[in-house]
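Residues per chain are reported as follows:
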Amino acid sequence: MSTAMDIEWDDAIGRAVTAQRLRSYRLVTRGGEHAALRLYDWNSVAAAAVLVAVAMVEVTVRNAMDAQLMAWAGRRGDSSWFDTIPLDDRHLGDLERAMRAVERGPADFHGKVVAELGFGFWRCIVAERYLTTLWVPALNRGGPAQSACGVIGGVAVKEWEA
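On a predicted model such as this, the values are computed, not experimentally measured, just so you know.

Parameters at a glance
- Residues numbered from 1 in each chain as written.
- Predicted model: local features only at pLDDT ≥ 70, side-chain atom pairs only at ≥ 80, totals over all residues.
- Heavy atoms only, no water.
- Helix = DSSP H or I, 4+ residues; strand = E, 2+ residues; numbered from the N terminus.
- Buried < 20%, exposed > 50% of the residue type's maximum accessible area, 1.4 Å probe, protein only.
- Contact = heavy atoms within 4.5 Å.
- Areas by Shrake-Rupley, 256 points an atom, 1.4 Å probe, with all protein chains shown as cover.
- Axes fitted to C-alpha atoms, helices over the stretch in contact; angles between N-to-C directions.
- Parallel < 35°, antiparallel > 145°, perpendicular 65-115°, else oblique.
- Left-handed = near helix turned anticlockwise from the far one by under 90°.
- Nonpolar A, V, L, I, M, F, W, Y, C, P; charged D, E, K, R; others polar.
- Core = buried A, V, L, I, M, F, W, Y, C linked by side-chain atoms within 4.5 Å.
- Patch = residues over 30% accessible without salt bridge, like charges linked within 9 Å, V, L, I, M, F, W, Y side chains within 5 Å.
- Salt bridge = Lys/Arg side-chain N within 4 Å of Asp/Glu carboxyl O.
- Phe/Tyr/Trp six-rings, centres within 6.5 Å; stacked < 30°, edge-to-face > 60°.
- Polar contact = N/O pair within 3.5 Å; in protein donor to acceptor, adjacent residues only side chain to side chain.

**Student:** So what about the overall build of the chain? Which residues, and what values?
**Tutor:** Across its full length, the chain carries seven helices and two strands. For the chain, the α and β elements follow one another from N to C terminus as α-α-α-α-α-α-α-β-β. In the chain, which comprises 162 residues, the share counted as buried stands at 26%. Restricting to contacts in the chain with at least 6 residues of sequence separation, those with at least 24 account for 46%. By element, 59% of the accessible surface of the chain is carried by carbon and sulfur atoms, the whole surface being about 10,400 Å².

In structure tokens, the structure reads:
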């Protein structure tokens, strides 16, 4: 049973969302306008829930990779990996843009730059082209403590270390 508020909501959303956008929802619900809009609403809520999980994974992976890069820089005698990481021009540009976007100062410059780098940056630095320059010397220790098997950048990984 639809309430007056449901009908008003359906009318507002129906006007705001194009018929083309709702077409697939109408097909699934066999043409029912109210059911199509309810499914559209449910899809929006489900997508938002997935984005929360993706954001948590992104922060977790980013922070683990940063910790490994900091340890690597420390082993090399560097105070930060920002100035010595061997990146191609594109990824070096991403890092430089992130550094420029953050105000230098005493308040956690490093952490702010790390947060400014998009997930695409982190995904790319584990690509095969960085296998010998970043993955082997720095990043392969950032996974779970138990043995794992997988493929990173097309290369089989036998075991990750904590």
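**Student:** How would you sum up the packing of helix α2 (residues 19-28) against helix α3 (residues 33-75)? Please name residues and give values.
**Tutor:** Working note: a packed helix pair is described by the angle between its axes plus the distance between those axes. For the pair α2 and α3, interaxial distance at closest approach is 8 Å and the crossing angle is 115 degrees. With respect to their mutual orientation, α2 and α3 come out roughly perpendicular. The hand of the α2/α3 crossing is right-handed. The residues of α3 that touch α2, namely those facing R21, L22, Y25, R26 and V28, are E33, A36, L37, L39, Y40 and N43. Across the contact of α2 with α3, the residue classes tally to seven nonpolar, one polar and three charged.

**Student:** Please give an account of the nonpolar core that cites residues and values.
**Tutor:** Counting 24 residues, the largest nonpolar core has L69, W81, L95, W122, I125 and L134 as its most contacted members. When residues of this core are traced back to their parent elements, those giving at least two are α3, α4 (89-101), α5 (109-116), α6 (119-124) and α7 (131-135). The dominant element in this core, judged by the number of residues it contributes, is α3, at four residues. The next biggest cluster of nonpolar side chains, apart from the first, holds seven residues, and it includes I13, V17, A36 and L37.

**Student:** Describe in detail a nonpolar patch on the surface, supporting the description with residues and values.
**Tutor:** Residues V50, L51 and V54 make up a contiguous nonpolar surface patch of roughly 280 Å² in combined accessible area. Position of L51 among the secondary structure elements: in helix α3. The class for L51 is exposed, based on a relative accessible area of 57%.

**Student:** Give a description of the packing of aromatic side chains that names residues and reports values.
**Tutor:** Summed over the entire model, instances satisfying the criterion amount to six aromatic pairs. For the pair W81 and W122, a centre-to-centre distance of 5.8 Å together with 70 degrees between the ring planes defines the contact as edge-to-face. Taken together, the residues W81 in the loop between α3 and α4 and W122 in helix α6 connect sequence positions 41 residues apart. Both residues of the pair, W81 and W122, count as buried.

**Student:** Explain the side chain of H91 to me, and be specific about the residues and the numbers.
**Tutor:** On the secondary structure map, H91 appears in helix α4. The buried category is assigned to H91, whose relative accessible area is 1%. A polar contact is formed between the side chain of H91 and the side chain of Y130, at a distance of 3.0 Å. Those residues in contact with H91, other than ones at most four positions away along the chain, are F121, C124, R129 and Y130.

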